[in-house]
Amino acid sequence: MTTPVSTILNVADDSEVTRLRERVRQLEKINAALMDRVERSIDMQGGAFSMFETAIALEAMVRDRTGALETAMSELNRVIAELAAANEDATAARVLLRDAIESLDDGFALYDADDRLILCNRAFLQIFPTIEDISDETPEFSEMASRLAFTGATVGSRMAPERWLSDRVERHRRAEGAHVQAMSDGRWIQINEIRTSDGGIVGIYTDITSVKAEDARQRALELAERNLALQATLDTLSEGVCLFDAQRRMQAWNEGLVRVLDLGGGELMRQVESHEALIQWCAEHLGLQCADALAWREGTTSQLSADCLMAGRNFVIRSVPLSSGGMVFTFDDVTDHVRLQRSLTETAELLERRVTERTAELSEVNRQLVEAKNEAETANRSKTSFLAAASHDLLQPLNAARLFVSAMDGLSLPDRAGSLVQQASTALDSVEDLLEALFEISRLDAGAIQPEISAHSLGGLLHALRVEFGPLAVAGGLQFDVADTGLWVRSDARLLRRVLQNFVSNAIRYTDAGSVIVEVREHGSNVRVTVRDTGPGIAPQDREEIFGEFRRVGKTQKIPGKGLGLAIVRRVSTMLGHAIELDSTVGSGSAFSITLPRVAPVAVMNAVEAGQGASSGTGGLVIVIDNDPAILAGMEALLENWGLEVIVARDPADPAAVAGLRQAPAMLIVDYQLDDGLTGDEAIARLRESAGKDIPAMVITADRSEETKAHLSALALPILNKPVKPAQLRALLRQRDVL
């Protein structure tokens, strides 16, 4: 191909030479005109001087024009020399460009702004040999594409040349990037066309036939692998599966179908190569009765299932039409499932009969459980009654002994006798504390104590602890600090006080030196009360044991105590739902804590002291009513030692009591449990009725139940629990102005 590149490169040089030549031609023309004018002037005037002057002027003008012409010629020669050098450079550049383009393995073509081919390489002509004969004529792209279209050079042009030509010219015009063309000779050409800045187009044409072949090979390999994976998947299915194409020829099957049809793999294709052959084989050789299960269906893709009997086994045959026109059939052997279902049905019937029998047996057991529950409730009530009776029967003689010892303590006795009385009093204190703890544990275990949960001022409870245990701590040489707080908690005040009393009592009892501190801390919506001491501490292995009954560990075993306080604490905290924690270090002390729910303060009216409305005593006469002669004797001795006049009687109708009413007694002291079911409040009512006035009275009882306490409090009758502590009795008598 002869390329017009030299024409493009010499355009500037030719223009400059033409301009200079035109300038020389003009100068020569001017010079000729001047010479002609001089000659005519000579002829016309004929004067020598005139001719001389004219010649001089013309000479100067010619000299000037000649100098300008020489300058122009010199410039022309310089430009011609530069153009020659530029032409040599351009020629070298064209050679280099041609060599570079020809060295490309890809086809290269350059189109100008008019879409004409102005440059291409040999690789381009080898890719498109049909346009080689017109490549030197700078053909338009549409002309070259037309040749390709109507010679069938591409696959697309063979099928629709007009459409292919239109699409190819439009794609070339847009020049938006790469696309691929399939050639009729089996080659694949990738075409990448890009528009240049001057409006032309550069095209790169790459033969990618080998890449396409590798891609096709990879696709075939992937398809083969997928087919193998599909076949392996089908073979793992327990069901028999077969697939037919639209011509009802079998295309695929699995090992499950070979087992179902009782055929070998090679034999299967000979016997069951079509859908019709499958139906015939199943009917003739396997005894399939429901041939409709294998019916061919068209125009639907819904799945159908049918339960069939084949070769003496139960099968579920499913059929699914394919969108391509074929069908898939599956054979699911459900013989074992059917047998299992029958077995389950029989088992269910058997179980139903057994359930009926067991239901009857359970009804009998339930009846027995109800009877046992009733017996347990009766036993529990009996236990509660026994505890009440036992507490009364045990505390009666103990109360009498306490009264006698207290009466002796008020007499002038020899030192030896006084010491024995003091020891007896101490022993009675220990017995009283032990019995009180035992009765409380028994009532907690029996459920005889029901908590009364309400809002309480924690500061009031702690103030009572400060007053109660302050003297005891001072006597032991201990620092005793109780926190002041305005917090309120939700709990049972009496039971909570019992827990804190046990904490403080144990801390003071088992601390030789140092301090006992009651702390209060807020933790979110809770309040933690901690009793911290500087006692001997508790070893980790003993921390669970100390909450058992009669359990004392380490050095505390040598200190007097009953080992029941923490057992009561655990039962009470469990009943109230309050968490108990222990933090202890051996040799440094212990900290017992209880966590309580915090509540908002509640406004309450000042409590009225029990018996506040009763009239004061009128003198030193006291009438004592009790059905135990020993208690009467002990009470009489104790009160007489205090300087009181005493009348004792076993019931309100006793003549001594009736006679005493006429003497205007200052106080009635009545036992709660009297003979013949008479209670202390009833006896007081009778005595007051006989006297005709409201005589001050108090009740002494061994019954510590909440019901009894609430009943007597409602009647404004003060209560003293047995065994009566003389100090409490003396304080109450002083409060009533009896002493």
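Because the structure is a prediction, the values reported are computed rather than measured.

A. Inspection of a nonpolar patch on the surface at higher detail. A cluster of nonpolar residues, Leu 362, Val 365 and Leu 369, forms a patch on the protein surface that exposes about 280 Å² of accessible area. Here Leu 369 shows up in helix α11 (residues 335–409). Its relative accessible area of 53% is what places Leu 369 among the exposed residues.

B. Here's a closer look at the pairing of strand β10 (residues 327–333). Counted residue by residue, β10 has 6 buried out of 7 residues, so it is predominantly covered. With 7 bridges connecting them, strand β9 (residues 313–321) and β10 associate as antiparallel partners. Bridged to Pro 321 within β10 is Met 327.

C. Fine view of the sheet that holds strand β2 (residues 117–120). Pairing in this open sheet of 5 strands is antiparallel, and the strands run β2-β1-β5-β4-β3 from one edge to the other. Of all the strands in the sheet, the pair left with one neighbour each is β2 and β3 (176–182). The average undirected angle you get between the axes of adjacent strands in this sheet is 20°. The pairing of strand β4 (residues 188–195) with strand β5 (residues 201–207) spans 7 bridges and is classified as antiparallel. Looking at β5, one finds that Asn 192 is bridged to Ile 204.

D. A look at unusual backbone geometry. Positive phi, normally seen in glycine, also occurs at Ala 664, with a value near 55°. Mapped onto the elements, Ala 664 comes out in the loop between α17 (655–661) and β20 (667–671). With a phi close to 60°, Ala 716 is a non-glycine residue in the positive phi region. With respect to the helices and strands, Ala 716 occurs in the loop between α19 (706–714) and β22 (719–721).

E. Spatial organisation of the packing of helix α13 (residues 458–475) against helix α14 (residues 493–510). Where α13 contacts α14, the two axes come as close as 11 Å, and the packing angle between them is 30°. The angle between α13 and α14 falls in the class roughly parallel. Regarding α13 and α14, the two cross each other, and that crossing is right-handed. For the pair α13 and α14, contact is made by Leu 461, Leu 462, Ala 464, Leu 465, Glu 468, Phe 469, Leu 472 and Ala 473 and by Ala 493, Leu 496, Arg 497, Leu 500, Gln 501, Val 504, Ser 505 and Ile 508, respectively. Considered class by class, the residues forming the contact of α13 with α14 number 12 nonpolar, 2 polar and 2 charged.

F. The arrangement of α14 in detail. The terminal C-alpha atoms of α14 lie 26 Å apart, and with 18 residues this matches the ideal 26 Å at 1.5 Å per residue to within 8%. The buried count for α14 comes to 14 of 18 residues, which makes it a mostly enclosed element.

G. Expanded view of the pairing of strand β19 (residues 645–649). Bridging between strand β18 (residues 621–625) and β19 involves 5 bridges; their strand directions are parallel. Bridge pairing in β19 places Leu 621 opposite Glu 645. One crossover worth recording links β18 to the parallel β19 by way of helix α16 (residues 629–641), and it is right-handed.

H. Representation of the packing of α16 against helix α20 (residues 726–735) within the structure. Two elements in contact, α16 and α20, have axes whose closest approach is 12 Å; the angle formed by their N-to-C orientations is 60°. Taken together, α16 and α20 sit at an angle that is classed as oblique. Considering how the two elements wind past one another, α16 and α20 form a crossing that is right-handed. Contacts from Met 635, Leu 638 and Leu 639 of α16 reach α20 at Pro 726, Leu 729 and Leu 733. Looking at side-chain class alone, the contact of α16 with α20 contains 6 nonpolar, no polar and no charged residues.

I. View of the pattern of salt bridges. Applying the stated criterion across every chain yields a total of 20 salt bridges. The salt bridge involving Asp 245 is made with Arg 249; its shortest N-O contact spans 3.3 Å. Classification of Arg 249 as partly exposed rests on a relative accessible area of 44%. For Asp 333, the salt bridge identified is with Arg 313, shortest N-O distance 2.7 Å. Of this pair, Asp 333 sits in strand β10 while Arg 313 is found in strand β9, placing the two residues 20 residues apart along the sequence. Shared partners join several salt bridges into a network, and the residues in it are Glu 170, Arg 173, Arg 174 and Glu 176.

J. Looking closely at the nonpolar core. Counting residues in hydrophobic clusters, the biggest one holds 34 residues, and the most contacted among them are Leu 462 and Phe 503. Elements that contribute at least two residues to this core include exactly α13, β12 (479–482), α14, β14 (515–523), β15 (526–533), α15 (565–576) and β17 (589–599). With 8 residues, α14 is the largest single contributor of residues to this core. In this structure, Phe 503 is in contact with Val 531, Leu 566, Val 569, Ile 580, Phe 592, Ser 593 and Ile 594, ignoring residues within four places of it in sequence. Grouped together as the second largest cluster of nonpolar side chains are 25 residues, Val 260, Leu 263, Trp 296 and Met 310 included.

K. Seen up close, the state of the cysteines. With the rule as written, the count across this model stands at 1 disulfide. Here Cys 290 pairs with Cys 308 through a disulfide, and the sulfurs are 2.0 Å apart. With Cys 290 in the loop between α10 (275–285) and β8 (304–310) and Cys 308 in strand β8, this pair connects stretches of sequence that are 18 residues apart. Residue classification places Cys 308 among the buried positions, given a relative accessible area of 3%. Of all cysteine sulfurs in the structure, the one in Cys 282 sits closest to Cys 242, which takes part in no disulfide; the separation is 8.3 Å.

L. Looking closely at α20. What α20 keeps buried is the set Pro 726, Leu 729, Leu 732 and Leu 733. Down the axis of α20, the sector holding all buried residues measures 130°, keeping them to one side. Backbone geometry just after α20 places Asp 737 at a positive phi near 60°.

M. Examining the confidence of the model for the chain more closely. Considering every residue of the chain, the mean pLDDT works out to 77; 78% of them sit at 70 or more. The low-confidence segment residues 1–12, where pLDDT is below 50, has 17 contacts with residues more than four positions distant or belonging to other chains. Here residues 605–619 is modelled with pLDDT under 50, and outside its nearest four sequence neighbours on either side it reaches 20 contacts, counting other chains as well.

N. Region of the structure containing the sheet that holds β8. Read from one edge to the other, the open sheet built from 5 strands follows the order β7-β6-β10-β9-β8, with strand pairing classed as antiparallel. Lying at the two open borders of the sheet, with one neighbouring strand each, are β7 (250–253) and β8. Averaged over neighbouring strand pairs, the angle between their axes works out to 20° when direction is ignored. Across 5 bridges, strand β6 (residues 240–244) lies against β10 in antiparallel orientation. Note on β10: the bridge partner recorded for Phe 244 is Met 327.

Scoring rules and cut-offs
- Along each chain, numbering runs from 1 in the same order as the chain's sequence is written.
- Only residues with pLDDT of at least 70 are given local features in this predicted model, and only at 80 or more are side-chain atom pairs given and counted; all residues enter the totals for whole chains, interfaces and linings.
- As a convention, hydrogens and water are excluded, and side-chain values are obtained from all of the structure's heavy atoms.
- Residues enter a patch when their relative accessible area is above 30% and they make no salt bridge; the linking distance is 9 Å between like charges and 5 Å between nonpolar side chains (Val, Leu, Ile, Met, Phe, Trp, Tyr).
- Where accessible areas are quoted, they stem from the Shrake-Rupley method and a 1.4 Å probe; at the residue level, only the protein chains shown are allowed to cover.
- Each salt bridge in this description consists of a side-chain nitrogen of Lys or Arg and a carboxyl oxygen of Asp or Glu lying within 4 Å of one another.
- A run of H or I in DSSP counts as a helix once it spans at least four residues, and a run of E counts as a strand once it spans at least two, with each numbered from the N terminus.
- To sort residues, take the accessible area from a 1.4 Å probe on protein chains only and compare it with the maximum for the residue type: under 20% means buried, over 50% means exposed, and anything in between is partly exposed.
- At least two bridges found by DSSP between two strands are what make those strands a pair.
- Here an axis means a line fitted to C-alpha atoms, over the contact stretch when the element is a helix, while the angle between two N-to-C directions is reported on a 0 to 180 degree scale.
- Angles below 35 degrees are treated as roughly parallel, those above 145 as roughly antiparallel, those between 65 and 115 as roughly perpendicular, and all remaining angles as oblique.
- Crossing handedness: left-handed means the near helix sits turned counterclockwise from the far one by under a right angle, and right-handed means the same turn made clockwise.
- Should any heavy atoms of two residues lie within 4.5 Å, those residues are considered in contact.
- Polar here means any residue other than Ala, Val, Leu, Ile, Met, Phe, Trp, Tyr, Cys and Pro, which are nonpolar, and Asp, Glu, Lys and Arg, which are charged; Gly is therefore polar.
- A helix is expected to reach a length of 1.5 Å times the quantity of its residues less one.
- When the strands point away from the viewer and the path from the first strand over the helix to the second turns clockwise, the crossover is right-handed.
- Among buried residues, the Ala, Val, Leu, Ile, Met, Phe, Trp, Tyr and Cys ones that are joined through side-chain atoms within 4.5 Å form a nonpolar core.
- The rule for a disulfide is simple: a pair of cysteine sulfur atoms within 2.5 Å.
- Think of it as the arc spanned by the lines of direction from the helix axis to the C-beta atoms.
- The pLDDT value expresses, per residue, how confident the predictor is, ranging between 0 and 100.

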